[in-house]
Amino acid sequence: MFTRYFRKKDPSGEAAETEWIEMSGREYYRFVTAPENRDKHFIDMGDVVLECSEAEYKKFKAEDDHSSYILEQTEGWLTLSLYELGDGDRCSGEELIPDEDEDVCDLAIRNIQRHALQNALQRLSEDEYRMIMLKYHSRFAMSEEKIGELFGLSQSGVNRRLAAIKNSLKKFVIEAEKSSQ
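Residues numbered from 1 in each chain as written. Predicted model: local features only at pLDDT ≥ 70, side-chain atom pairs only at ≥ 80, totals over all residues. Heavy atoms only, no water.

A few words on the packing of helix α4 (residues 126–136) against helix α5 (residues 144–151). Two elements in contact, α4 and α5, have axes separated by 10 Å at closest approach and are oriented at 150°. Between α4 and α5, the angle falls in the class roughly antiparallel. Every pair of crossing elements has a handedness; the one defined by α4 and α5 is right-handed. In this structure, α4 contributes Asp 127, Arg 130, Met 131, Leu 134 and Lys 135 to the contact, and α5 contributes Glu 144, Ile 147, Leu 150 and Phe 151. Split by residue class, the contact of α4 with α5 holds five nonpolar, no polar and four charged. (Axes fitted to C-alpha atoms, helices over the stretch in contact; angles between N-to-C directions. Helix = DSSP H or I, 4+ residues; strand = E, 2+ residues; numbered from the N terminus. Parallel < 35°, antiparallel > 145°, perpendicular 65-115°, else oblique. Left-handed = near helix turned anticlockwise from the far one by under 90°. Contact = heavy atoms within 4.5 Å. Nonpolar A, V, L, I, M, F, W, Y, C, P; charged D, E, K, R; others polar.)

Structure, rendered in structure tokens:
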């Protein structure tokens with residue numbers, strides 16, 4: 001692969017009017033190793049290397065480091081697609097993955113509790129359900145202040161509303177558990 005190197009003709013000029021000077025690999029090396037150019041920054045995009053500001057370089061480096069970190073974290077992991085169940089019971093599919101070490105009695109109790117919670121969640125209004133998910137679901141996990149902005153409420157208003165919703169859920173779950181016994 002052939003790499004192309006570019007430096008700015010006038011580093012202090014406007015970004016929209018930047019003129020570029022293409023350099024060979026040797027010219028690039030001499031340019032970056034010259035003492036007067038030690039505060040110059042370049043972004044290496046594989047086949048193109050561009051001069052940039054320090055802020056642009058830091059932003060690019062942070063994003064590149066983040067991408068590398070994400071790739072490292074996914075090594076050895078297999079991604080499975082768990083489709084939402086089609087009957088509208090608002091579950092994520094995680095309950096379909098079995099735990100080999102789990103006791104059958106514990107599993108049965110958790111299964112009853114899960115069904116009771118699913119039924120309780122279905123009894124909530126759309127706004128109540130959305131608010132609970134935004135606060136407690138790991139994918140969303142918003143602060144009460146952010147939820148308040150979405151619903152036009154203060155943080156304390158959201159706090160009171162969440163407490164009321166949790167009390168309703170508790171009541172619904174107890175009713176469901178009693179009816180299944």
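So, next bit.
Moving on: the confidence of the model for the protein. Of the residues in the protein, 82% have a pLDDT of 70 or more, and the chain-wide mean is 80. Across the protein, the element-wise mean pLDDT spans from 81 in helix α3 (residues 104–122) up to 91 in strand β2 (residues 20–23). (pLDDT = per-residue confidence, 0-100.)

Another point: the side chain of Glu 144. Assignment of secondary structure puts Glu 144 in helix α5. Lacking a salt bridge, the buried Glu 144 has Lys 135 as its closest oppositely charged neighbour, with an N-O distance of 4.2 Å. A distance of 3.2 Å separates a polar atom in the side chain of Glu 144 from a polar atom in the side chain of Asn 159. Among all residues touching Glu 144, those that are not within four sequence positions of it are Lys 135, Gln 155, Val 158, Asn 159 and Leu 162. (Buried < 20%, exposed > 50% of the residue type's maximum accessible area, 1.4 Å probe, protein only. Lys, Arg positive; Asp, Glu negative; His and termini not counted. Salt bridge = Lys/Arg side-chain N within 4 Å of Asp/Glu carboxyl O. Polar contact = N/O pair within 3.5 Å; in protein donor to acceptor, adjacent residues only side chain to side chain.)

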